[in-house]
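Survey of secondary and tertiary structure
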Amino acid sequence: VQLQASGGGLVQPGSSLRLTCAASGRTFMGNPVAWFRQAPGKEREFVAGNYVDSGTPIYAVSVRDRFFFARYSAKNTAYLQMNFLEPEDTAVYFCAAADKNDGGSLSLERTYDYWGQGTLVTVSS
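As the structure is a prediction and not an experimental result, all values here were calculated from the model.

The next point concerns the state of the cysteines. On inspection of all chains with the given rule, the structure shows one disulfide. Note on cysteine connectivity: Cys21 is disulfide-linked to Cys95, with sulfurs 2.2 Å apart. Residues Cys21 and Cys95 are joined through a disulfide that is right-handed, its torsion about the S-S bond being 70 degrees. Highlighted residues: Cys21 in strand β3 (residues 17-24) and Cys95 in strand β9 (residues 91-97), separated in sequence by 74 residues. In this pair, the class of Cys21 matches that of Cys95, namely buried.

Pairing is antiparallel in the open sheet, where four strands are placed in the order β1-β3-β8-β7. Since the sheet does not close on itself, it has two edges, and those belong to β1 (2-6) and β7 (67-72), each with one partner. The average angle at which neighbouring strand axes cross in this sheet is 15 degrees, direction not considered. Note: β7 against strand β8 (residues 77-82), six bridges, orientation antiparallel. The residue bridging Phe67 from the neighbouring strand is Met82, located in β8.

Rules used in this analysis
Residues numbered from 1 in each chain as written. Predicted model: local features only at pLDDT ≥ 70, side-chain atom pairs only at ≥ 80, totals over all residues. Heavy atoms only, no water. Disulfide = S-S within 2.5 Å. Helix = DSSP H or I, 4+ residues; strand = E, 2+ residues; numbered from the N terminus. Buried < 20%, exposed > 50% of the residue type's maximum accessible area, 1.4 Å probe, protein only. Pairing = 2+ DSSP bridges. Axes fitted to C-alpha atoms, helices over the stretch in contact; angles between N-to-C directions.

Read these as geometric descriptors, not functional statements.
Set out below in structure tokens:
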């Protein structure tokens, strides 16, 4: 099983980016999938995710109304649309997927069994 994250880059404040997480080896339709991020010198934190493929996304307060999470089972892919990016959004972004759906909290790293390699997002003028 592999998760491949892509779409990061260097952008100016106020710009948009879309991150993509492509899964291979199995599907995660009924299991939690999420994005986390780790800023320089900080711990990794939850950004957005949902419990099942058609479930309502949950967002960290810091990104609510600016970031949008979606995933499409047909492509075994998850996305993070990031709008109105701020310098504070600078981080390595990781996608994660769980092997089972047993009610674990979306925001906890221990819920997830598979992690992508990360993609760097830098927001700077």
